[in-house]
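# Results of the structural survey
In case you want the letters, here they are:
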Amino acid sequence: MKKGFVIGIGICLFVFLIAFETMFAQQIKEWFSSSSRVTEVVEEPEEQTGDREELLAAEENHSPSIDAIGLIGMREEEVRQQYGEPARIDPSAYGYDWWIYPLSELSYMQVGIDDAQVVTAFIAGDLLGDLGFLDRGESYAEINESLSFAKEVDVNWSFRFQLSDEDLQMRPLIQLEDQWLQLYFDTFTGELSSVRLLTEEVLLLQRPYSVTYRGDLPDAPELTAQQWAEIEEGEARQIFDLTNLIRHQHGLAPVEWDAEVANVAYLHSKDMNQGNYFSHTSPTYGELGDRFENGGIPFRAVGENIAAKYVDGIAAVEGWLNSEGHRATLLHEEFTHLGVGVYQDYYTQNFMTPFEL
């Protein structure tokens with residue numbers, strides 16, 4: 001009798017569970033899928049970073065971790081609560097303001113805010129480990145094998161970015177849920193250098209790759225001379241900040257900002273823009289040494305990097321890092337001072353060792 005009673009109870013429970021699962025199938029699916037992040041890739045790349053444990057050991061005051069993937073869409077007040085007040089706020093040429101967070105010698109972040117929310121971000125250094133889906137030490141080849149970087153990336157069915165071979169090696173593009181990521185690689189080491197997160201709107205506004213499209217492309221805002229001056233000053237400092245982060249990563253001493261050298265660099269960027277040329281030799285002001293002498297700056301050694309037509313200054317730095325000659329200048333151990341000059345989309349870095357040293 002007791003055995004029959006137990007069997008009866010078991011049958012009732014079984015019938016109940018079947019009915020419950022049938023009635024609440026969708027809810028059960030949601031319960032058991034909400035703990036995982038789904039990554040939807042249109043055409044995807046992923047990256048590699050350096051040894052996180054080694055970097056952490058090298059820096060006593062490691063900056064707090066960040067929820068990098070949660071940045072896009074974050075409200076302005078949330079950014080302040082989570083990361084504090086920025087070191088400064090720089091305007092951009094795309095309508096958003098860059099909030100600058102040089103969190104440590106090994107951690108650097110820029111957060112782009114428009115209409116009181118985050119629409120883009122740039123993350124470099126030790127913070128890359130906080131992206132959550134990137135593993136330090138993993139090679140470009142291993143990541144490419146798992147994610148299949150693509151030379152053609154469709155955005156919203158109306159736009160197709162076409163990446164060159166160089167783009168694919170240096171800065172592949174992936175989609176992660178409702179945001180886009182540009183992955184900047186150091187091709188000399190095969191490691192991830194930095195990541196730029198963007199909304200679809202900002203990506204289409206910047207158009208960092210060749211693009212074919214149907215319909216209309218968004219236009220960047222028209223800027224006054226004063227607005228350009230403020231943007232140029234901010235980008236010069238961003239180039240300086242990122243340069244010192246990279247030098248620190250390579251075991252080099254930081255360079256000091258030099259305002260007089262920055263003026264020489266600015267005048268060369270302006271001269272290239274207005275003279276419609278791109279060269280270290282100015283048709284009017286001569287070679288780099290001539291320009292330093294004209295500025296009344298004595299020097300023992302000088303070096304120069306120039307760039308043009310990048311979306312902004314931080315993209316120019318990543319370009320220099322992947323060019324052998326520019327990289328050698330950026331990572332030259334004897335240089336002690338740096339001045340950066342930006343004129344619209346022309347960029348000049350002038351490194352110097354003063355004469356008295």
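The name that an unreviewed UniProt entry assigns to the protein chain is CAP domain-containing protein, with the source organism given as Halalkalibacter oceani.

Read across the sheet, four strands follow the order S13-S15-S16-S14 without closing on themselves; strand pairing throughout is mixed. With partners counted over all chains shown, the strands left at the sheet margins are strand S13 (256-257) and strand S14 (299-308), one partner each. Sheet analysis places S13 next to strand S15 (residues 337-343), joined by two bridges and oriented parallel. Its bridge partner being in S15, Trp257 is matched across the sheet by Leu338.

The subject of this paragraph is unusual backbone geometry. With a phi close to 55 degrees, Asp115 is a non-glycine residue in the positive phi region. With respect to the secondary-structure elements, Asp115 resides in the loop between strand S4 (107-114) and strand S5 (117-125). A relative accessible area of 68% places Asp115 in the exposed class. One non-glycine residue, Arg207, adopts positive backbone phi at about 45 degrees. Inspection of the secondary structure puts Arg207 in the loop between helix H7 (200-206) and strand S12 (210-213).

Across the nine residues that make up S5, a large majority, eight, are buried. Direction of pairing for S4 relative to S5: antiparallel, over a ladder of eight bridges. Paired with Gly112 across the bridge in S5 is Thr120. If you look at the hairpin formed by S4 and S5, you'll find two residues sitting between the two strands, and Asp115 has a positive phi there, around 55 degrees.

All right, on to the pattern of salt bridges then. Taken as a whole and judged by the stated rule, the model has twelve salt bridges. Here Asp241 ties to Arg88 by a salt bridge, and the two come within 3.0 Å at their closest N and O atoms. Taken together, the residues span a long stretch of sequence, with Asp241 in helix H8 (residues 225-249) and Arg88 in strand S2 (residues 88-91) at a distance of 153 residues. By relative accessible area, Arg88 is classed as partly exposed at 23%. Residue Lys309 pairs with Asp345 through a salt bridge whose shortest N-O separation is 3.7 Å. One end of the pair, Lys309, is in the loop between S14 and helix H11 (313-321); the other, Asp345, is in the loop between S15 and strand S16 (346-354), with 36 residues separating them in the sequence. Judged by relative accessible area, Asp345 falls into the partly exposed class, the value being 22%. One continuous salt-bridge network, built from bridges that share partners, spans Glu76, Arg80 and Glu85.

Position of Ser92 relative to the elements: it lies in the loop between S2 and strand S3 (97-104). For Ser92, a relative accessible area of 9% gives the class buried. At a separation of 2.7 Å, a polar atom in the side chain of Ser92 contacts the main-chain carbonyl oxygen of Tyr96. Here Ser92 is in contact with Trp98 and Ile231, once residues within four sequence places are set aside.

With that settled, consider the confidence of the model for the protein chain. Mean pLDDT over the protein chain: 82, with 78% of residues reaching 70 or higher. The low-confidence segment residues 1-64, where pLDDT is below 50, has 94 contacts with residues more than four positions distant or belonging to other chains.

Turning our eyes to something else, we now look at the environment of Val79. Its place among the elements puts Val79 in helix H4 (residues 76-83). The residues touching Val79, leaving out its near neighbours within four places in the chain, are Met74, Gly84, Trp99, Tyr101, Ile113 and Val118.

Within the structure shown, the criterion is met by eleven aromatic pairs. A ring pair is formed by Tyr83 and Tyr101, whose centres lie 6.1 Å apart and whose planes are at 65 degrees; its orientation type is edge-to-face. One end of the pair, Tyr83, is in helix H4; the other, Tyr101, is in strand S3, and 18 residues separate them in sequence. Tyr101 sits in the buried class, given a relative accessible area of 2%.

Moving on, we come to the nonpolar core. Counting 78 residues, the largest nonpolar core has Leu71, Val79, Met109, Val118, Phe122, Phe161 and Leu242 as the members making the most contacts within it. Among the elements that take part in this core, H8 stands out by supplying seven residues, more than any other. Those residues within four positions of Phe161 in sequence are excluded, and the remaining contacts are Lys151, Glu152, Val153, Val155, Leu173, Leu203, Leu204, Arg207, Pro208, Tyr209, Ser210 and Val211. One finds Val261, Val264, Phe292 and Met352 within the second-largest nonpolar core, a separate group that totals six residues.

Residues lying three or four places apart along an α-helix face the same way, a consequence of the helix completing one turn every 3.6 residues. Listed as buried for helix H5 (residues 140-147) are Tyr140, Ile143 and Leu147. Down the axis of H5, the buried set is contained in an arc of 70 degrees. They therefore lie on one face. In H5, the exposed positions angled more than 90 degrees off the buried face are occupied by Ala141, Glu145 and Ser146. Of the residues one or two after H5, Ser148 is the one with positive phi, at around 60 degrees.

The rules we used
- Residues numbered from 1 in each chain as written.
- Predicted model: local features only at pLDDT ≥ 70, side-chain atom pairs only at ≥ 80, totals over all residues.
- Heavy atoms only, no water.
- Pairing = 2+ DSSP bridges.
- Helix = DSSP H or I, 4+ residues; strand = E, 2+ residues; numbered from the N terminus.
- Buried < 20%, exposed > 50% of the residue type's maximum accessible area, 1.4 Å probe, protein only.
- Salt bridge = Lys/Arg side-chain N within 4 Å of Asp/Glu carboxyl O.
- Polar contact = N/O pair within 3.5 Å; in protein donor to acceptor, adjacent residues only side chain to side chain.
- Contact = heavy atoms within 4.5 Å.
- pLDDT = per-residue confidence, 0-100.
- Phe/Tyr/Trp six-rings, centres within 6.5 Å; stacked < 30°, edge-to-face > 60°.
- Core = buried A, V, L, I, M, F, W, Y, C linked by side-chain atoms within 4.5 Å.
- Arc of directions from axis to C-beta.

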